[in-house]
Amino acid sequence: MKILVPVKRVIDYNVKARVKADNTGIDLANVKMSMNPFDEIAVEEALQKKESGEAEEVIAVSIGPSQCQETLRTALAMGADRAILIEEDSDVEPLVVAKLLKAVVDEEQPGLVILGKQAIDDDSNQTGQMLAALLGWPQGTFASEVKLAGDKVEVTREVDGGLETVALNLPAIVTTDLRLNEPRYATLPNIMKAKKKPLDTKTVGDYGVDVTPRLTTLYVAEPAKREAGIIVESVEELVQKLKDEAGVI
Amino acid sequence: MDFALNDQQQDIVRAIESVCAPFDDAYWLERDREGGFPEAFVQAVADGGWLGIAMPESVGGAGLGITEAALMMHTIAKSGGGFSAASAVHMNIFGLKPIMVHGTEEQQQRMLVPVLKGEERACFAVTEPDAGLNTTALQTRADRTNDGYVINGKKVWTSTAQIADKMLILVRTTPREECERPADGMSLFYTKLDRDRVDVREIEKMGRKAVDSNEMFIDNLEVPYEDLIGEEGKGFKYIFDGFNPERILIAAECIGLGQLALSKAANYAGERVVFDRPIGQNQAIQHPLAQDWMALESAFLLVMKAAWLYDTGQSCAAEANAAKYMAAEAAYKACQNAVMTHGGFGYAKEFHVERYLRESLIGRIAPISAQLIQNFIAERVLGLPKSY
């Protein structure tokens, strides 16, 4: 079985994001970029399935500018077997990404696609679900455990009420939650080995997908600064303030 | 001319950043307060195969150059660990190069493989209390016995000897008076640090408490013949070959430390509000930090040039020495300005910059003093007469 793992290049989780002066987006000039942390978890899960003999090949795919090669090289250095970059300089929305991934799935025929549940830059949390819908495959989202059993995969999901375990027929879509595993680091010997692994570069045109955005970003602003708290003297004062100032009662 | 890092070098920097990320400011602050070797950090570096970055593949290394090793050490120092982190792994990166170049195949497997796996730790015993930078005057000696040698003498400033299993030691095997040249008659051994025969005493220091430095008193240490590296009498030359790469690595570590201090200073200057504005809006605060950036960037270019010369087999002594000098001075200034930018808080340990300042002195002193570097440049590059 092949496992396909889509990975996204995002602003590093340690970087404090700054809004551009003209409020059109986040300033990414000279900012450290890394693999989306949920996607690292997806890569790790796929590698563990390969190491246990349940999968034969792990393919990483990324969609974005040529710098996404770095993200793919990280996946290769973690242990993925090969990588596909679909080069596109414009911002791609989740539906476009899902359509492109569907085209890759049609070509590669993986038994499992493991995605991060969301990317930490736009927090959309849509791509996995859309891909499942486009393919007509079952989906197990927010996975905290993924067990392969014959022609099924059992996915334990982190839901509001606790943990829910679902059994999906393969092929299937899984999206990862934070507690699924702890991703490994790229080791030096694996970085050296990754140099010899294939990294194919494609364009959106190769898959015939329309990348025109459906949404327009009107305005991006920093969250309001948090004001310092106050200590009230009495319950009466508290009720008064909740009524008059906070307007919550 | 291409100043960009290649793909692999970028990958190395990014991967090392990931390895270092869990070891945050609080970890290094505690190591500095309480001492104790940063075992967890070094093991993480060893587990990633990083100790072998500049060692050949035959012993489990990656076979990369001093350029990659310098980028790695720069990233480690810059990650927040400064010299506490860099010195904890430094010796393992290049110190054992003489074994790689002059050791037999059997010695390479026996000596290098466990070090690169992180199973054994090595230390480097060259400097002596009565010799200092005048290395040929060292007095520790090895006398021939039936099946090897017996070593007697004392060493100083041996880093990590508290936790080392093995040591690379330079000793006299022929008295200086009987040698044609002072650099002859010294031999190199890589042998067990037998604590029954070697008394290791830690030196309390100004900074870098986590990585011990020591005096060693060696009393009748028996060393088998198999532990002699290369030929008897040629040890100094073997060690000498490692001087330039070591300077390049130390220089890269200095740059990392200086940039770490500068980033702390710039952050603080941008956030600290006094008289209703960030102090970083004042040119008296801005300009020293801008100067530090320029000095560190320039010195880093020289470090990379020296590394490139070394890796391409060209003479790099002037550049390696100059890079060490420039990097150490730039780092010291950046650390000092970082403390001054923080004002009173700069003097407080929890703001980290005072620790960096204490560590920055290491680069100015070791492994060679600023004065001797200037002598070297004056004599060997400018052709002026020797002054000492």
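Values in this document were obtained by computation on a predicted structure and should not be read as measured data. (Residues numbered from 1 in each chain as written. Chains lettered and ligands numbered in written order. Predicted model: local features only at pLDDT ≥ 70, side-chain atom pairs only at ≥ 80, totals over all residues. Heavy atoms only, no water.)

1. Re the overall build of chain B
Helices and strands together make up the secondary structure of chain B, namely 12 helices and 10 strands. Relative to its length of 388 residues, chain B is compact, with a C-alpha radius of gyration of 21 Å against a globular reference of 21 Å. Principal-axis analysis of the C-alpha atoms places the extent of chain B at approximately 80 × 50 × 40 Å. Per-residue burial for chain B yields a buried fraction of 54% across its 388 residues. A total of about 17200 Å² of accessible surface is found on chain B, and carbon and sulfur atoms cover 52% of it. Averaging the locations of the 38 positively and 53 negatively charged side chains of chain B gives two centres separated by 4 Å. (Helix = DSSP H or I, 4+ residues; strand = E, 2+ residues; numbered from the N terminus. Rg over C-alpha atoms; globule rule 2.2 N^0.38 Å. Buried < 20%, exposed > 50% of the residue type's maximum accessible area, 1.4 Å probe, protein only. Areas by Shrake-Rupley, 256 points an atom, 1.4 Å probe, with all protein chains shown as cover. Lys, Arg positive; Asp, Glu negative; His and termini not counted. Charge placed at Lys NZ, Arg CZ, Asp CG, Glu CD.)

2. Observations concerning the sheet that holds strand 11 (residues 199–203) of chain A
Residues and elements named next belong to chain A. Pairing within the open sheet is mixed, and its nine strands lie in the order 9-8-7-10-6-1-4-5-11. Strands with a single pairing partner mark the edges of an open sheet, and in this sheet they are strand 9 (162–169) and strand 11. Across the sheet, the mean angle separating the axes of adjacent strands is 30° when strand polarity is ignored. The sheet contacts of helix 3 (residues 94–108) involve strand 1 (2–6), strand 4 (57–64), strand 5 (82–87), strand 6 (112–116) and strand 11, and relative to strand 4 the element is tilted by about 150°. (Pairing = 2+ DSSP bridges. Axes fitted to C-alpha atoms, helices over the stretch in contact; angles between N-to-C directions. Contact = heavy atoms within 4.5 Å.)

3. Examining a nonpolar patch on the surface
Residues and elements named next belong to chain A. A cluster of nonpolar residues, Val-235, Leu-238, Val-239, Leu-242, Val-248 and Ile-249, forms a patch on the protein surface that exposes about 520 Å² of accessible area. Positionally, Val-248 belongs in the segment after helix 6 (235–246). By relative accessible area, which is 58% here, Val-248 ends up exposed. (Patch = residues over 30% accessible without salt bridge, like charges linked within 9 Å, V, L, I, M, F, W, Y side chains within 5 Å. Salt bridge = Lys/Arg side-chain N within 4 Å of Asp/Glu carboxyl O.)

4. A look at empty space enclosed by the protein
Under the counting rule described, the total for this entry stands at one cavity of 30 Å³ or more. Lining the largest cavity are Arg-9, Met-33, Ser-34, Met-35, Glu-70, Thr-71 and Thr-74 of chain A together with Arg-14 of chain B. For the lining of the largest cavity, the elements supplying multiple residues, two or more each, are strand 3 (33–35) and helix 2 (68–78) of chain A. Residues of the lining of the largest cavity, tallied by class, amount to two nonpolar, three polar and three charged. (1 Å grid on protein atoms, 1.4 Å probe; cavity = no way out; pocket = protein on both sides within 12 Å on 5 of 7 lines; lining within 4 Å. Points joined across faces, edges and corners; volume = space filled by probe spheres on them. Nonpolar A, V, L, I, M, F, W, Y, C, P; charged D, E, K, R; others polar.)

5. Some remarks on the pairing of strand 7 (residues 139–149) of chain A
Successive residues of a regular strand alternate their side chains across the two faces of the sheet. All names here are of chain A. Pairing analysis gives three bridges linking strand 7 to strand 10 (residues 172–176), with the strands arranged parallel. Looking across to strand 10, one finds that Gly-140 is bridged to Val-174. Between the end of strand 7 and the start of strand 8 (residues 152–159), which pair antiparallel, lie two residues, with Gly-150 showing a positive phi angle near 65°.

6. A short note on the pattern of salt bridges
Under the counting rule described, the total for this entry stands at 37 salt bridges over all chains. Linking Arg-14 of chain B and Glu-70 of chain A is a salt bridge whose minimum nitrogen-to-oxygen distance equals 3.3 Å. With one member in each of two chains, Arg-14 of chain B in helix 1 (residues 7–20) and Glu-70 of chain A in helix 2 form a pair that bridges those chains. A residue is classified by how much of its surface remains accessible, and Arg-14 of chain B, at 15% relative accessible area, is buried. Of the charged contacts, one joins Lys-241 of chain A and Glu-245 of chain A as a salt bridge, the two residues approaching to 3.1 Å between their closest N and O atoms. Taken together, the residues span about one helical turn, with Lys-241 of chain A and Glu-245 of chain A both in helix 6 at a distance of four residues. For Glu-245 of chain A, a relative accessible area of 60% translates into the label exposed. Where salt bridges share partners, they join Glu-70 and Arg-73 of chain A together with Asp-7, Asp-11 and Arg-14 of chain B into one cluster.

7. A word on the interface of chain B and chain A
Taken together, the 18 residues of chain B in the interface contact 13 residues of chain A. Carbon and sulfur atoms supply 59% of the area that chain B and chain A bury against each other, a total of about 1400 Å² over both sides. At the junction of chain B with chain A, the criterion picks out four salt bridges. The salt bridge partner of Lys-32 of chain A is Glu-17 of chain B, with a shortest N-O separation of 3.0 Å. Applying the counting rule to chain B against chain A returns six residue pairs in polar contact (both at pLDDT 80 or more). Classifying every residue of the side of chain B that touches chain A by side-chain character gives eight nonpolar, five polar and five charged. (Buried area = accessible area lost by both parts, 1.4 Å probe. Polar contact = N/O pair within 3.5 Å; in protein donor to acceptor, adjacent residues only side chain to side chain.)

8. Considerations on the side chain of Asn-321 of chain B
Residues and elements named next belong to chain B. Checked against the element boundaries, Asn-321 lands in helix 10 (residues 317–342). Among the residues examined, Asn-321 registers a relative accessible area of 2% and is labelled buried. Among the polar contacts made by the side chain of Asn-321, one reaches the main-chain carbonyl oxygen of Ala-317 at a distance of 2.9 Å.

9. Quick look at the domain arrangement of chain B
Quite often, the size of an interface is put as the accessible area lost when its parts meet. Residue and element names in this part refer to chain B. Annotation of chain B at the domain level lists domain 1 (7–116), domain 2 (122–235) and domain 3 (240–381). Centre-to-centre, using C-alpha coordinates, domain 1 lies 23 Å away from domain 2. With 25 residues of domain 1 at the interface, the matching set in domain 2 holds 17 residues. Carbon and sulfur atoms supply 68% of the area that domain 1 and domain 2 bury against each other, a total of about 1600 Å² over both sides. Looking at the side of domain 1 facing domain 2, the largest losses of area belong to Phe-37, Met-91 and Met-111, adding up to 29% of the total buried there. In this assembly, domain 1 and domain 2 are joined by one salt bridge. A salt bridge links Asp-227 to Arg-110; its shortest N-O distance comes to 3.0 Å. For the interface between domain 1 and domain 2, the tally reads five residue pairs in polar contact (both at pLDDT 80 or more). Those elements that place two or more of their residues in the side of domain 1 that touches domain 2 are helix 2 (25–34), helix 4 (66–94), helix 5 (97–102) and helix 6 (105–116). Here the side of domain 1 that touches domain 2 gets six residues from one element, more than from any other, and that element is helix 4. (Domains from an automatic or database assignment.)

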